[in-house]
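Here are the chains, one letter per residue:
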Amino acid sequence: MKTENLIEMLARQDTRVDHRRLMLHWLGALGVGLLLSIAVFVYLFRINPDLRMLMENIWFWTRFAFIASVMILGGWMFAKLGKPGTAHRVPMWLAAAPFALFGLLGLVLLFTAAPEERRPMLLGISWNVCSRNITLLSIPIFFASVWVARQFAPVRLRFTGAMLGLFSGGAAALMYSMYCPEIAPTFVAIWYSLGMLIPAAVGAVLGRKLLAW
Amino acid sequence: MLQERESAMRALLIDGCAGNQIAYAKFLTELSALLRGFYRKRLMSMPDEVEDLVQEVLIAIHNQRHTYDAAQPVTAWAHAIARFKLVDFFRRRQVRGGDHLDIDDVEEELASEDHNAADAKRDVTTLLADLPPKQREAIELVKIEGLSITEAAAKTGQSESLIKVNIHRGLKALAVRMREFA
């Protein structure tokens, strides 16, 4: 087929773009992923019965702010990276900012604490399951995000994969934080970060394969 | 001159995405000339590949046309795609240095036009024939014969939204096959 015939074909009928319908599709897909993640959460965990009490603690809210900022930033960068005209303007270091800030807080608290308090700050009571649980919860949202990303035109595939991983990890961590009683920033800075960075790393590694178009 | 081209193409694309088929065809024609110029210059040693790549990118851009953000320049958007597809092409061909190729020449956007289309090696018609029957049928009726969505739905017994979905899926599948066919 000659190029001019191909153009004729592409331009014939049905060239309209319905942004609202598309947006509903994407949100729908993300919603399905989110619901599946919630189902996993309900099956494996539950909302912490002491959540109200935890919420009275300032560290609950710093944890919340940290996770939410990772999720929002990941989602925002993911959205920018999907469009070729804006993708090159997204700076990579921005994704690291919440981790660096919260990590710094964790370090300061660790070094100002009494020596015998350091071990529980680092390990809490659930260090060995925390990151794994977050990663597990992120899987359905991760797949939904990949599906959405494939409807777009990412030109930086690994970076886009990493950001959609960060977004899914953030959403998963937010859910998990409704169950997990660990609010010490040092603990969160290590194990929550790891839990959100695992899906990000998977996204970066698989980005070229999963997101090619 | 560049500014004129930008505003002309922008208007054509926006009209096209609002349903103006003539404007959209003009946009794609302009775009194909720019893509051809871009790739001819960068694939000097592989002139036979140029038209295939132009066609592949045209279908890809058509499929992802909703990623054009009206606040952005069209040429920057198309240039980013053209560049990405070139790197992708090198990577698939495993051209040495393809990954590190310095094509970040943002200054020199899609600048030169080339209206002399060579023949593509790969035939889109053949690839179309290989699509799943429902997708092929929807594309043939609407995109080749020019039936409206309603007419095509009546003729095939598929619902209108299914016709649209099948056209969309078919063109996506076509893009994948064009990319893989090398």
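Residues numbered from 1 in each chain as written. Chains lettered and ligands numbered in written order. Predicted model: local features only at pLDDT ≥ 70, side-chain atom pairs only at ≥ 80, totals over all residues. Heavy atoms only, no water.

Concerning the overall build of chain A
Of the regular secondary structure elements, chain A holds 10 helices and 0 strands. Each principal axis of the C-alpha atoms in chain A carries an extent, and together these give about 75 × 35 × 25 Å. Each of the 213 residues in chain A was classed as buried or not, and the buried ones make up 49%. Split by element, the accessible area of chain A, about 10600 Å² in all, is 70% carbon and sulfur. (Helix = DSSP H or I, 4+ residues; strand = E, 2+ residues; numbered from the N terminus. Buried < 20%, exposed > 50% of the residue type's maximum accessible area, 1.4 Å probe, protein only. Areas by Shrake-Rupley, 256 points an atom, 1.4 Å probe, with all protein chains shown as cover.)

A closer look at the interface of chain B and chain A
Listed by partner, the interface residues are 54 residues for chain B and 33 residues for chain A. Regarding the contact of chain B and chain A, the summed buried area is about 3800 Å², with carbon and sulfur atoms giving 58% of it. Counting the surface chain B buries against chain A, the share from its top three residues, B:H66, B:F84 and B:K143, is 19%. Inspection of the region where chain B meets chain A yields 0 salt bridges. For the interface between chain B and chain A, the tally reads 20 residue pairs in polar contact (both at pLDDT 80 or more). Of all the elements in the fold, those that place two or more residues in the side of chain B that touches chain A are α1 (2-17), α2 (21-42), α3 (50-63), α4 (74-93), α5 (124-129), α6 (133-144) and α8 (160-180) of chain B. Taken together, the residues that form the side of chain B that touches chain A break down as 24 nonpolar, 16 polar and 14 charged. (Contact = heavy atoms within 4.5 Å. Buried area = accessible area lost by both parts, 1.4 Å probe. Salt bridge = Lys/Arg side-chain N within 4 Å of Asp/Glu carboxyl O. Polar contact = N/O pair within 3.5 Å; in protein donor to acceptor, adjacent residues only side chain to side chain. Nonpolar A, V, L, I, M, F, W, Y, C, P; charged D, E, K, R; others polar.)

What about the pattern of salt bridges?
Note on pairing: side chains with opposite charge can pair once their charged atoms come close. One pass over the full model with this rule turns up 9 salt bridges over all chains. Salt bridges linked by common partners bring B:E56, B:K85, B:D88, B:R92 and B:R179 together as one network.

Thoughts on helix α9 (residues 157-176) of chain A
Here α9(A) spans 28 Å end to end across 20 residues, near enough to the 28 Å set by a 1.5 Å rise per residue. For α9(A), the tally of buried residues reaches 19 of 20 residues, placing the bulk of the element in the interior. (Expected span 1.5 Å × (residues − 1).)

Here we look at a nonpolar patch on the surface
All names here are of chain A. Taken together, the side chains of Y43, L44, L136, I139 and F143 define a hydrophobic patch exposed on the protein surface, amounting to about 560 Å² of accessible area. Those elements giving two or more residues to the nonpolar patch turn out to be α2 (19-44) and α8 (127-150). Broken down by element, the residue count for the nonpolar patch peaks at 3 residues, all from α8. Counting through the fold element by element, F143 comes out in helix α8. Take F143: its relative accessible area is 54%, and that puts it in the exposed class. (Patch = residues over 30% accessible without salt bridge, like charges linked within 9 Å, V, L, I, M, F, W, Y side chains within 5 Å.)

Some remarks on the domain arrangement of chain B
Residue and element names in this part refer to chain B. Looking at the assigned domains, one finds that chain B contains domain 1 (1-111) and domain 2 (114-182). Computed from C-alpha atoms alone, the centre-to-centre distance between domain 1 and domain 2 is 21 Å. Facing 19 residues of domain 1, the contacting portion of domain 2 comprises 19 residues. Taken over both partners, the interface formed by domain 1 and domain 2 buries close to 1700 Å², and the fraction arising from carbon and sulfur atoms is 50%. Our count for the contact surface shared by domain 1 and domain 2 stands at 2 salt bridges. For the salt bridge of D88 with R179, the shortest nitrogen-to-oxygen distance reads 2.8 Å. The tally of links from domain 1 across to domain 2 stands at 6 residue pairs in polar contact (both at pLDDT 80 or more). When contributions to the side of domain 1 that touches domain 2 are tallied by element, the ones reaching two or more residues are α2, α3 and α4. A per-element tally of the side of domain 1 that touches domain 2 places α3 first, with 8 residues. Taken together, the residues that form the side of domain 1 that touches domain 2 break down as 3 nonpolar, 5 polar and 11 charged. (Domains from an automatic or database assignment.)

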